[in-house]
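Single-letter residue listing:
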Amino acid sequence: MQQATRRREARVLSVRDLSPHVREILIAPEGGAAPWTPGAHIDVSLPLKGGAQVRSYSLVGEAAGAYRIAVKREDQGRGGSRFMHALAPGAKLFVSEPKNAFALDYTRPAYLLVAGGIGVTPILGQAQALARHGATLRVALAARTRADILFHDDFSRAVGPRVECFVSSEGARIDAAREIAGLAEGGELYICGPLPLVEAFRKAWKEAGRPAHLFRTETFGSSGEFQAQAFKVSVPALRRTIEVAADCSMLDALEAAGVEMISDCRRGECGLCAVDVLETNAPLDHRDVFFSEEERRESKKICACVSRAVGGEIAIDTGYRPDA
């Protein structure tokens, strides 16, 4: 069962393309947008195949009269981004109140903000807020192409020359060790982006002997090492075998079949939906950011919300036992 979240009806005010693959969507909930703090996100309920599914999107910038999100289209994904890209002004949605698991701490002597690709979405509001507070900060943005750098003008207005862009197609890449070396002792790092970027900075942070609690991250997971395909999931304790379509998550398929599950983020971050792997005849594609590399290699557990088997069948134990 997913943790109860109050959702309100909302409508799309406007849409605009930020890049060939990213679309900005302005959403107005009934009664007005609730205030939020930098780093917050909202959950959006989407009417996808198999019933309503939830997707989480970081709120862009500082609090205003509407929710501003940016969605990257993933053609090989489970359909959420394609649905969001098809929205037009006036479309109706159901959205949650803002929630924040990536909140700023304003007491540090300096800040390093790092974003890769669509990971700029929570970082922009953080940069704006820290600049208003007169904080010492640096912003490093990474992208594959110049067109993939999002909200550059907003960053420039907020922090001026303290933002630097690294475009890999132009031969420029972020040097994690150098960036961390330039951060004052006691400074805090906030990073959001693809898992390889986050892990590179995590490794450099540890090697530099920096305190773990000053490394703050929000990731948007992984698209996986394999293209999504259909597979079967069996729950021996319940004597059930369920088909999981290529465009459906294991968690959604289990819930649609009436299997009791516990979940929250549905982004592979919180680990609440993790289940024991009993047996599998196919490789497992771990797309979470909850388990360590070693745990993903061992494949004793799997996050049902994002990870999946590469075809074949996987047997799991959900831990749930019906009352006798």
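The coordinates are above.
All of the points below concern the structure found in this document.

The subject of this paragraph is the overall build of the protein. Across its full length, the protein carries seven helices and 18 strands. Here the C-alpha radius of gyration of the protein, 20 Å, is about what a compact globule of 324 residues would show, namely 20 Å. Principal axes of the C-alpha set define a box for the protein whose edges measure 60 × 50 × 40 Å. Residues classed as buried in the protein amount to 49% of the 324 residues present. The contacts in the protein between residues at least 6 apart in sequence include a share of 68% that link residues at least 24 apart. Summing over all exposed atoms, the protein offers an accessible surface of approximately 15,100 Å²; the carbon and sulfur share of this is 50%. The distance from the centre of the 41 positive side-chain charges to the centre of the 41 negative ones in the protein is 3 Å.

Turning our eyes to something else, we now look at the pairing of strand β12 (residues 231-235). Counting buried residues in β12 gives four out of five residues, a clear majority hidden from the surface. As paired elements, β12 and strand β13 (residues 240-244) share five bridges and run antiparallel to each other. The partner of valine 233 across the bridge, within β13, is isoleucine 242. Here β12 folds back onto β13, and the loop between the two strands holds four residues, one of which, arginine 239, carries a positive phi near 55°.

Attention now goes to the pattern of salt bridges. Counting across every chain of the model gives 24 salt bridges. Ionic pairing is found between arginine 16 and glutamate 24, a salt bridge with its closest N-O pair at 2.8 Å. Residue classification places glutamate 24 among the buried positions, given a relative accessible area of 10%. With a closest N to O distance of 3.9 Å, arginine 297 and glutamate 293 form a salt bridge. In this pair, arginine 297 and glutamate 293 both sit in helix α7 (residues 293-298), four residues apart, roughly one turn of the helix.

Let's shift gears to the nonpolar core. Within the largest apolar cluster, 30 residues are counted, with the highest numbers of intra-cluster contacts made by Leu113, Ile123, Leu137, Val139, Leu141, Phe151 and Phe155. Listed by contribution, the elements that provide at least two residues to this core are β7 (111-116), α2 (120-132), β8 (137-143), α3 (152-159), β9 (163-167) and β10 (188-192). Here the element with the most residues in this core is α2; it accounts for six residues.

This part is about unusual backbone geometry. If you check the backbone angles, phenylalanine 151 has positive phi at about 60° while not being a glycine. Of the residues examined, phenylalanine 151 reaches a relative accessible area of 7% and is grouped as buried. At arginine 239, a position not held by glycine, the phi torsion is positive, near 55°. Locating arginine 239 in the fold gives a position in the loop between β12 and β13. Residue arginine 239 is classed as exposed on the basis of its relative accessible area of 82%.

Strand order in the open sheet formed by five strands is β13-β12-β18-β14-β16, and the pairing between neighbours is mixed. The sheet is open, and its two borders are formed by β13 and β16 (301-303), each paired with just one other strand. Shown here is a sheet whose adjacent strand axes are inclined to one another by a mean of 40°, direction ignored.

To continue, consider the pairing of strand β14 (residues 274-280). Two elements, β14 and β16, share three bridges in a ladder whose sense is antiparallel. Residue pairing in the sheet places aspartate 276 in a bridge with lysine 301 of β16. Summarising the sheet, β14 and strand β18 (residues 313-317) pair through four bridges and their orientation is antiparallel. Across the sheet, residue aspartate 276 finds its bridge partner in β18, namely aspartate 317.

Its place among the elements puts phenylalanine 94 in strand β6 (residues 92-96). Residue classification places phenylalanine 94 among the partly exposed residues on the basis of a relative accessible area of 42%. For the pair phenylalanine 94 and serine 19, spaced 75 residues apart in sequence, the C-alpha separation works out to 26 Å. Sequence-distant contacts of phenylalanine 94, defined by excluding residues within four places in its chain, comprise Arg7, Arg8, Glu9, Asp43, Val44 and Ser45.

What counts and what doesn't
- Residues numbered from 1 in each chain as written.
- Predicted model: local features only at pLDDT ≥ 70, side-chain atom pairs only at ≥ 80, totals over all residues.
- Heavy atoms only, no water.
- Helix = DSSP H or I, 4+ residues; strand = E, 2+ residues; numbered from the N terminus.
- Rg over C-alpha atoms; globule rule 2.2 N^0.38 Å.
- Buried < 20%, exposed > 50% of the residue type's maximum accessible area, 1.4 Å probe, protein only.
- Contact = heavy atoms within 4.5 Å.
- Areas by Shrake-Rupley, 256 points an atom, 1.4 Å probe, with all protein chains shown as cover.
- Lys, Arg positive; Asp, Glu negative; His and termini not counted.
- Charge placed at Lys NZ, Arg CZ, Asp CG, Glu CD.
- Pairing = 2+ DSSP bridges.
- Salt bridge = Lys/Arg side-chain N within 4 Å of Asp/Glu carboxyl O.
- Core = buried A, V, L, I, M, F, W, Y, C linked by side-chain atoms within 4.5 Å.
- Axes fitted to C-alpha atoms, helices over the stretch in contact; angles between N-to-C directions.

Everything listed here is a matter of geometry and, on its own, says nothing about what the molecule does.
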